[in-house]
Amino acid sequence: MSLEQVSASKCFGGTQHVFAHAAEATDCTMRFSAYLPPQAEDGRCPVLYYLSGLTCTEENFTVKAAAQRHAAEHGVIVIAPDTSPRGEGIADDDGWDLGTGAGFYVNATQDPWAANYRMYDYIVEELPRLVAAELPADPARQSIMGHSMGGHGALVIALRNPDTYRSVSVLAPICHPTATDLGKRAFAAYLGDDEAAWKDYDALELVRAGKTTRPILIDQGDADDFYKAGAMKVEEFRDACREAGQECTLRIQPGYDHAYFFVQTFTPEHLAWHASALKG
């Protein structure tokens, strides 16, 4: 096996794993968590990829979202990768929104980032290939979900690979990063000054360009400081979807902020959404 098991814990009849492996796309050791439900003992199960947000690792969703109970109920494997390459010699920045923990799920083209920051290829190609080869996951039944920066990644990846994922859902996603200071800083560093290249990693711009995918579910808290500051652009994304004929359900949740109590609250509904698509 090309996976190194970092940890394994029995959980709701299944097992919560953390694995490490040498990744080609990022040219470093990557870690990801994998919850295998009890049904995985009897054969291959559908798989849900969860992409985390800025500053996170594979651990945040795994320990804070309480997803395992619901994954066990539905018989779904949940894979939560890290958000960036890490390690000695890998480019970083002093800011929280660039470098380690802030890969933005793009393939960087600019130095010094291009050598390792190829998170798009890692999530779309390398990680699913490894999971299908080493774990009891069915590559024909996979879905994608994300929060914040991970919501951005999930939307972009689903729109650019519409035949790969049976469902897509996001929590407080960054829908239009090229129109925000947060996105502009990261994209300028990773992708350079040609703003036309940025559009390949902007969900709203992809929808405007005619990209579509399976129906999208979005939950957004109205007490989210990023949302109130205009960083998420969820209404603008919903409106672009309507114009393009892309099915998109946006639910504004009163009183919820950006943190993992919000994520934990709506994770059961999102897992049920994906389970229905994965088993249909």
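Look a little higher up for the structure.
It should be emphasised that the depicted structure is a prediction, and the values quoted were computed from it without experimental measurement.

Novice: Is there a simple way to think about the overall build of the chain in this case?
Specialist: When its secondary structure is counted, the chain shows ten helices and nine strands. Along the first, second and third principal axes, the C-alpha set of the chain runs to 50 × 45 × 35 Å. For the chain, the share of sequence-separated contacts (at least 6 apart) that also reach a separation of at least 24 residues comes to 71%. A total accessible area of about 11,200 Å² is found for the chain, and carbon and sulfur atoms account for 46% of it. Each charge class in the chain was averaged separately, 23 positive and 39 negative side chains, and the resulting centres sit 6 Å apart.

Novice: What exactly am I supposed to notice about the pattern of salt bridges here?
Specialist: A side chain of one charge can pair with a side chain of the opposite charge if their charged atoms are brought near each other. Taken as a whole and judged by the stated rule, the model has 13 salt bridges. Between Glu 205 and Arg 208 there is a salt bridge, and its shortest N-O distance comes to 3.4 Å. Placement of the pair is Glu 205 and Arg 208 together in helix α7 (residues 203-208), with a separation of three residues, close to one helical turn. Look at Arg 208 and you get exposed, because its relative accessible area is 57%. For Asp 239, the salt bridge goes to Arg 242, with nearest N and O atoms at 3.9 Å. Residue Asp 239 and its partner Arg 242 are located together in helix α9 (residues 234-244), separated by three residues, close to a single helical turn. With relative accessibility at 60%, the residue Arg 242 sits in the exposed group. Salt bridges linked by common partners bring Asp 93, Asp 97 and Arg 185 together as one network.

Novice: How do you make sense of the pairing of strand β7 (residues 168-171) when you look at a structure like this?
Specialist: Both faces of the sheet carry side chains from a regular strand, because those side chains alternate between them. Alternating positions in β7 separate into two faces, Val 168 and Val 170 on one and Ser 169 and Leu 171 on the other, with burial throughout. Here strand β6 (residues 137-147) runs beside β7; their pairing, made up of four bridges, is parallel. Paired with His 147 across the bridge in β7 is Leu 171.

Novice: Where do I start with the sheet that holds strand β3 (residues 28-36) in this structure?
Specialist: Two orientations exist for strands paired in a sheet by backbone hydrogen bonds: parallel and antiparallel. Overall, mixed pairing links the nine strands, which are arranged β1-β2-β3-β5-β4-β6-β7-β8-β9 in an open sheet. Looking along the sheet, the strands with just one partner apiece sit at the ends: β1 (4-11) and β9 (248-253). Within the sheet, the average angular offset between the axes of one strand and its neighbour, ignoring direction, is 20 degrees. Pairing between strand β4 (residues 45-51) and β6: six bridges, direction parallel. Bridging from a neighbouring strand, Leu 48 pairs with Ser 143 of β6. Docked against the sheet, helix α4 (residues 149-160) engages β4, β6, β7 and β8 (216-221), running at close to 135 degrees with respect to β6. Packed on one face of the sheet, α9 meets β8 and β9 and runs near 155 degrees to β9.

Novice: Looking at this model, I keep getting lost on the environment of Lys 199. Mind explaining?
Specialist: Looking at the element boundaries, Lys 199 is found in the loop between α6 (195-198) and α7. Once you skip the residues sitting within four places of it in the chain, Lys 199 turns out to touch Glu 205 and Leu 206.

Novice: Sorry if this is basic, but what is going on with unusual backbone geometry here?
Specialist: Among all residues except glycine, the phi angle is most often negative; among peptide bonds, the trans geometry is most common. Cis rather than trans, the peptide bond between Asp 111 and Pro 112 has omega equal to 0 degrees. Note on placement: Pro 112 falls in the loop between β5 (77-81) and α3 (119-134). A positive phi is found at Thr 55, a non-glycine position, where the angle reads about 75 degrees. Of note, Thr 55 is situated in the loop between β4 and α1 (59-64).

Novice: I tried to follow helix α5 (residues 181-191) on my own but got confused; where do I start?
Specialist: Because the α-helix completes a turn every 3.6 residues, residues three or four places apart line up on one side. Within the sequence span of α5, burial applies to Leu 182, Gly 183, Ala 186, Phe 187, Ala 189, Tyr 190 and Leu 191. Down the axis of α5, the buried set is contained in an arc of 165 degrees. They therefore lie on one face.

Novice: What am I meant to see in the nonpolar core here?
Specialist: Taken as a class, soluble globular proteins show a tendency for nonpolar side chains to be buried jointly. Judged by nonpolar contacts, the single largest core of 96 residues is most densely connected at Phe 32, Ile 79, Phe 104, Tyr 190 and Phe 237. It is α3 that provides the largest number of residues to this core, a total of eight residues. Beyond its immediate chain neighbours, meaning those up to four positions away, Ile 79 contacts Phe 32, Ser 33, Ala 34, Val 47, Leu 48, Tyr 49, Tyr 50, Leu 127, Val 131 and Leu 135.

Cut-off values and rules
- Residues numbered from 1 in each chain as written.
- Predicted model: local features only at pLDDT ≥ 70, side-chain atom pairs only at ≥ 80, totals over all residues.
- Heavy atoms only, no water.
- Helix = DSSP H or I, 4+ residues; strand = E, 2+ residues; numbered from the N terminus.
- Contact = heavy atoms within 4.5 Å.
- Areas by Shrake-Rupley, 256 points an atom, 1.4 Å probe, with all protein chains shown as cover.
- Lys, Arg positive; Asp, Glu negative; His and termini not counted.
- Charge placed at Lys NZ, Arg CZ, Asp CG, Glu CD.
- Salt bridge = Lys/Arg side-chain N within 4 Å of Asp/Glu carboxyl O.
- Buried < 20%, exposed > 50% of the residue type's maximum accessible area, 1.4 Å probe, protein only.
- Pairing = 2+ DSSP bridges.
- Axes fitted to C-alpha atoms, helices over the stretch in contact; angles between N-to-C directions.
- Arc of directions from axis to C-beta.
- Core = buried A, V, L, I, M, F, W, Y, C linked by side-chain atoms within 4.5 Å.

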